Amino acid sequence: MSLFPETEFQLGPEYQIASVLISMPLPEAFDYRVHEDMKVELGSFVTVPLGPRSVTGVVWGIKKGPAKRPLKYVEEVLEAAPLMPKVTRDFVERAAKYTCTPMGSMLAMCLRSKEALQPSPTETYVYRGEGDVPRMTPARQKVLDIAPENADAGITSAELARRSDVSTGVVKGLVDCGVLELQEAPIDKPFGQPNSELKGFDLTAEQQAGADALCEAVRSKEFKPILLDGVTGSGKTEVYFEAIAEALRSDPTAQILVLLPEIALTQAVRERFENRFGAAPAEWHSNATQKERRRVWREVGAGRARIVVGARSALFLPFQNLRLIIVDEEHDGSYKQDEGAVYQGRDLSVMRAHLGSATVVLASATPSLETLANAYQGRYQHIKLLARPGAAVLPEILLADMKENPPEKDCWLSPLLVDALEQNLDAGEQSLLYLNRRGYAPLVICKGCGERLKAPDTESWLTEHRYTGMLVCHLTGFSMKKPVNCPHCGAADSLMGVGPGVERLAEEVRGLFQGARVEVFSSDTARNPEELNGIISRMEQGDVDILIGTQIAAKGHNFPNLTLVGAVDADSGLKGGQGSDLRAGERTFQLLSQVSGRAGRASKPGRAIIQTYSAESPSIQALLANDRDWFMELEMQSREDLGFPPYGRLAAVVLSAENSLAADDAAATFVRGAPNVDGVDIWGPAPAPIAVLRGRHRRRLLIRSNRNIDLSAYLSSWRERIKLSSSVRVSLDIEPYSFM
Ligand code: ADP
């Protein structure tokens, strides 16, 4: 029997129906009936029943009933949560469509702290009241010396007792006689308010011109995409700080988002913001605790957090009035999220700014080809900073041609680089050796049978980590103790690491320069913020002579006494396995420019030595000649010839299944169902370069189309018309960055 008598539907009075988008992988909003005494608005956060569960969603539409079929009721309106503004709802819709992601999954990105939708938990805080102390004792004095003036300090009785080094009884005694007072208040405290009137550096003329242009864009309150294109160390941060100050000044409710590659969010960056604006920004990153997330989400949603600094997913925070987005190091590959909802944070930042009529600043010394092309074509304003301020000059770049200047046997440093390191040590200056390979050796083979050790469920070589004695798969995190015997032929002590990782390089350097203070900087030695900040501060304080680092060392840092950078294997990004990666050359150029740019950032001049076997490759030549534009134009030409982005569109489809046969079947079925459209090329299916990942067999397709085709819509409709077994997974990737 229906819950609702038929007649009510034919004759019953009109009632309110809310279309609710649920934060689950569902493509559209569902209708729910609204109780008469319940008030919902567009953007209200609500809970609704879905099957046996109660789930969270957002009101996407409101209409009048009666409905054609019985509807369940909205359960609760979450009053503590802010309304989701129209611009955010538009953003969710547009981003979902563009990335071929179900709308509900996109909404889930916006709901990263469910707890923030409830009122903040409260706590009882203690502070100094008006009353006089009836009988002073040394213990009471200790408490009163540090008791805060008001409850905003957020100190509980227990905490006050701990900090004063007295028993809780002493604090309680003072509360009982009214000397201390108690107040219940939310746990989630507001962030300090930034001050836009503090002064930064005196800007150079070039910096000032850039800052003026950014400020003008911010004041216009229109969509203004800007490329801030400045050589490493030219002061891009100082320049965009001016735009942040202008946004704060010109609109009392303006919010500002600064996106950084995840690993760039360091104590040094935090302090720069704090020094410039007098208050720490709200921070959003993947290591944040639930409590920190809840606080940031709530404060951003209430419009009280004015400056947010975060990794790519910060774009989905509940901003109420987002006026300015900065994407720092905009070329960085970490803006692309490859798993779950697949999106490019930089592109979505531009989309978000467009929808909200805001300014978006893409900052880089080595802009991505896409961004540069947009600037060349006049779609983005192009601001250039060509010089470093003050005495700092760009580093001199030298090539170490490894064919002519080879290292000794089983070593990785050319004589040229060894000499330079020695000179630097003698001069008391710091050096950085860059090698983008974690661990000791990237490959482990058996001397007896030639077996290369692989992860059990993934087609990738295991890396030897000697500090921990483990063999690790860097793709999946699988690890095992290094066996004594070869798992294939059983030979004892026959396993040998091949090729260099940072640990092995450190061994070589320690052998060459006894007494030098050598440190390894990689995600294995900087596993948490404390370790990361430890390395950075030892470097800043001059406690390290030679730092040996992966990508994590290449970006953003300012070490004034660092004057020599050696790129140990400059070709690694260009070598095999990545032949189909259209950005391999571009990325190599970017990384080498970034890492070279760490040298000579203060008064002492710096130099970079690039070890290469392919001295003639355009990316290396461009670096040597300091001619980025020539290189990028060459790359643009080749992309244009191939009709690749940004001159055409590209998408990837990866189908995966439990075994090879099922994967082949699924791929064949998928391709057979491709809609036939002029201007679309389909390549594949072929086994993916990583043909097995976590036990799943993978097949790839690459789809290229002309620019005028909506490739997202094409792919979505293609996906919809194909029926595949439920054990097959299909992942769609618009503008892929990974070709593995
Ligand atoms: P970028 O972001 O372009 O790499 P930064 O903004 O980090 O450059 O600036 C590089 C260094 O130069 C920083 O230590 C910064 O404080 C300093 N700096 C930048 N502009 C000025 C200026 N006008 N006067 C003095 N120091 C400056």
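We now turn to the structure provided with this report. (Residues numbered from 1 in each chain as written. Predicted model: local features only at pLDDT ≥ 70, side-chain atom pairs only at ≥ 80, totals over all residues. Heavy atoms only, no water.)

Near the ligand lie 15 residues; those nearest to it are D202, Q207, G233, K236 and R272. Within the backbone of G233, a nitrogen or oxygen atom sits 2.9 Å from an oxygen atom of the ligand. One of the side-chain N or O atoms of T237 is found 2.9 Å from an oxygen atom in the ligand. Taking 560 Å² as the accessible area of the ligand by itself, protein coverage stands at 78%. (Near = heavy atom within 4 Å. Polar contact = N/O pair within 3.5 Å; in protein donor to acceptor, adjacent residues only side chain to side chain. Areas by Shrake-Rupley, 256 points an atom, 1.4 Å probe, with all protein chains shown as cover.)

It is worth spelling out the pairing of strand β18 (residues 430-434) at this point. The element β18 is largely enclosed, with a buried count of 5 among its 5 residues. With burial as the criterion, each face of β18 is covered, one bearing Q430, L432 and Y434 and the other bearing S431 and L433. Bridge count between β18 and strand β26 (residues 562-567): 5 bridges; the pairing is parallel. Considered in β26, the bridge of L433 is made with G566. Judged from the 4 bridges that link them, β18 and strand β25 (residues 546-549) form a sheet pairing that is parallel. When the sheet's bridge partners are listed, S431 is paired in β25 with I546. (Buried < 20%, exposed > 50% of the residue type's maximum accessible area, 1.4 Å probe, protein only. Helix = DSSP H or I, 4+ residues; strand = E, 2+ residues; numbered from the N terminus. Pairing = 2+ DSSP bridges.)

Glancing now at the sheet that holds β26. With parallel pairing, 6 strands are arranged side by side in an open sheet as β17-β27-β26-β18-β25-β24. Both outer strands of the open sheet, β17 (396-401) and β24 (518-521), are each paired with one neighbouring strand and no more. On average, each strand axis in the sheet is inclined to that of its neighbour by 20°, with strand direction left out of account. Sheet topology places β17 next to strand β27 (residues 607-612); 6 bridges connect them, and they run parallel. (Axes fitted to C-alpha atoms, helices over the stretch in contact; angles between N-to-C directions.)

What follows covers the sheet that holds strand β22 (residues 479-481). With antiparallel pairing, 3 strands are arranged side by side in an open sheet as β20-β21-β22. Each edge of the sheet is formed by a strand with only one pairing partner; in this case those strands are β20 (463-465) and β22. Strand-to-strand twist of the sheet, defined as the mean angle between neighbouring strand axes without regard to direction, takes the value 30°. Sheet topology places β20 next to strand β21 (residues 470-472); 3 bridges connect them, and they run antiparallel. Bridged to H465 within β21 is M470.

Turning our eyes to something else, we now look at the state of the cysteines. Applying the stated criterion to the full structure yields 0 disulfides. In this structure C446 is not part of a disulfide, and its nearest cysteine sulfur, from C486, lies 3.7 Å away. In this structure C446 comes out as buried when scored by relative accessible area, which is 1%. (Disulfide = S-S within 2.5 Å.)

Let us look at the pattern of salt bridges. Enumeration according to the criterion identifies 37 salt bridges in this entry. Residue R298 is joined to D188 by a salt bridge in which the shortest nitrogen-to-oxygen separation is 2.8 Å. With R298 in helix α10 (residues 290-301) and D188 in the loop between β7 (180-186) and α7 (205-220), this pair connects stretches of sequence that are 110 residues apart. A salt bridge links D410 to K409, with the shortest nitrogen-to-oxygen separation between them at 3.5 Å. Side by side, D410 and K409 carry an identical accessibility label, which is exposed. Each of the salt bridges in this network shares a partner with another, and the network as a whole consists of E115, D188, R294 and R298. (Salt bridge = Lys/Arg side-chain N within 4 Å of Asp/Glu carboxyl O.)

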